Amino acid sequence: MNKGRIIGILIILVFGAAKMPFEQKLTEEHRAAFFHGVKFDLSVRQQLSQAEYLAALGGFRAVVADFLWIEGHVAWEKTEWGRMILLFDNAVTLQPRNVNFWDIFGWHVGYNASVAAFDDPHEPDPAKRLALQHQYFKAAEDVYLRGIKNNPDSYFLYEKLAELYQYKFKDHLKAYEYYTKAAAFPDAPTYDKRMAAYELSYEPGREQEAYDLLAQYYRMGEQEHLPTLLNRLKYLEDKLNIPPSQRIYNPGEKQ
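Residues numbered from 1 in each chain as written. Predicted model: local features only at pLDDT ≥ 70, side-chain atom pairs only at ≥ 80, totals over all residues. Heavy atoms only, no water.

A. Expanded view of the nonpolar core. Counting residues in each nonpolar core, the largest one holds 59 residues, and the members touching the most others are Leu229 and Leu233. At eight residues, helix H6 (residues 99-118) tops the list of elements feeding residues into this core. Leaving out residues up to four positions away in the same chain, Leu229 has contacts with Arg194, Tyr198, Leu214, Tyr217, Tyr218 and Glu224. (Core = buried A, V, L, I, M, F, W, Y, C linked by side-chain atoms within 4.5 Å. Buried < 20%, exposed > 50% of the residue type's maximum accessible area, 1.4 Å probe, protein only. Helix = DSSP H or I, 4+ residues; strand = E, 2+ residues; numbered from the N terminus. Contact = heavy atoms within 4.5 Å.)

B. Fine view of the packing of helix H9 (residues 172-183) against helix H10 (residues 191-200). For the pair H9 and H10, interaxial distance at closest approach is 8 Å and the crossing angle is 160 degrees. When the axes of H9 and H10 are compared, the pair comes out roughly antiparallel. Both H9 and H10 take part in a crossing whose hand is left-handed. Here His172, Leu173, Ala175, Tyr176, Tyr179, Thr180, Ala182 and Ala183 of H9 lie close against H10, whose contacting residues are Asp192, Lys193, Met195, Ala196, Glu199 and Leu200. Tallied by class, the residues present in the contact of H9 with H10 amount to nine nonpolar, two polar and three charged. (Axes fitted to C-alpha atoms, helices over the stretch in contact; angles between N-to-C directions. Parallel < 35°, antiparallel > 145°, perpendicular 65-115°, else oblique. Left-handed = near helix turned anticlockwise from the far one by under 90°. Nonpolar A, V, L, I, M, F, W, Y, C, P; charged D, E, K, R; others polar.)

C. Seen up close, the side chain of Glu159. Examined against the element boundaries, Glu159 turns out to sit in helix H8 (residues 156-169). Contact partners of Glu159, with chain neighbours within four places excluded, come to Tyr179, Ala182, Pro189, Tyr191 and Asp192.

D. Seen up close, the confidence of the model for the protein. Taken over all residues, the pLDDT of the protein has a mean of 83, while the share at 70 or more is 75%. Overall, residues 53-58 carries pLDDT values under 50, and its contacts beyond four positions in sequence, including any with other chains, amount to 18 contacts. (pLDDT = per-residue confidence, 0-100.)

E. Looking closely at the packing of aromatic side chains. In total, this model carries 10 aromatic pairs according to the counting rule given. Measuring from centroid to centroid gives 4.1 Å for Trp107 and Tyr111, while their planes differ by 15 degrees, and the two rings are stacked. With Trp107 and Tyr111 both in helix H6 and four residues apart, this pair spans about one turn of that helix. Relative accessible area serves as the criterion here: at 42%, Trp107 is assigned to the partly exposed category. The class of Tyr111 is buried, set by a relative accessible area of 11%. Plain terms: the ring middles of Tyr165 and Phe169 are 5.6 Å apart, the flat faces sit at 50 degrees to each other, and that makes the pair tilted. Placement of both Tyr165 and Phe169 in helix H8 is noted, with a separation of four residues, approximately one turn of the helix. (Phe/Tyr/Trp six-rings, centres within 6.5 Å; stacked < 30°, edge-to-face > 60°.)

F. Looking closely at the packing of helix H5 (residues 81-94) against H6. Interhelical geometry of H5 versus H6 gives an angle of 165 degrees and a closest axis separation of 10 Å. Classed by the angle they form, the pair H5 and H6 counts as roughly antiparallel. As for the relative orientation of H5 and H6, their crossing is left-handed in sense. Contacts between H5 and H6 involve Trp81, Met84, Ile85, Phe88, Asp89, Ala91 and Val92 on the former and, on the latter, Phe101, Trp102, Phe105, His108, Val109, Asn112, Ala113 and Ala116. Looking at side-chain class alone, the contact of H5 with H6 contains 12 nonpolar, two polar and one charged residues.

G. Highlighting the environment of Tyr165. With relative accessibility at 3%, the residue Tyr165 sits in the buried group. For the pair formed by Tyr165 and Ala175, sequence separation is 10 residues and the distance between their alpha carbons is 5.1 Å. Residues contacting Tyr165, with those up to four places away along its chain left out, are Glu141, Lys170, Asp171, Lys174, Ala175 and Tyr178.

H. Quick look at the side chain of Lys160. Of note, Lys160 is situated in helix H8. Relative accessible area serves as the criterion here: at 17%, Lys160 is assigned to the buried category. Other than its neighbours up to four places away in sequence, Lys160 contacts Asp103 and Tyr144.

I. Focus on the pattern of salt bridges. Tallied over the full model, the rule gives 12 salt bridges. A salt bridge links Glu71 to Arg83, with the nearest nitrogen and oxygen atoms 3.2 Å apart. Highlighted residues: Glu71 in helix H4 (residues 61-77) and Arg83 in helix H5, separated in sequence by 12 residues. A relative accessible area of 37% means that Arg83 is categorised as partly exposed. Three or more residues joined by partner-sharing salt bridges are found here, namely Glu71, Glu80 and Arg83. (Salt bridge = Lys/Arg side-chain N within 4 Å of Asp/Glu carboxyl O.)

Written as structure tokens, this is what we have:
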């Protein structure tokens, strides 16, 4: 180890010692604020350089996490998916309350890496490409679930997981479940409730329930008469064999 690196580590340790009481207090506060399921353990130690590990222990977790995040972004640009996942995973381990980290991590795995896997020109077997793509979907699902576990007080990751179920898994029931959970937060966007109703409308056996929900939005006024809502209403009215005279949406009539 060169002299400059030794000096750098010593400086980190000195500052870390001075910050230790504050770091301990902060750790206790974080634990009380839903730090669950993420451990700064031996597996993390094996994945960080000596300097990074000492810096994290010395009270510079946020700095190390930001550095790892930047390195993960570089790995994404180079399409080094395995390295990207490792770096991002360490970053969220160090900063589990950073919702933005979890969001982008899940996006890169569930959308970018999964698309690259399916389009891989080096794998001639479509079935293998599809299987690998699904593995990335599952990995992204795990990212969002862990993110939710560490941030249960935020609607945002519930919404992102709902989108993953909607667009990638095509699992409308789970998408409905997580849009509904997101919508339960007082600061959630109003469209989460509508998205939940849309997703439920695709689930066999839940048509009447979905129709009742969408009808509520329709009756709120013309600002809710969005194309998707109107199309799903028509579909459900046809599916449920609702008589024309009882339908709430009749395109040929003036609303």
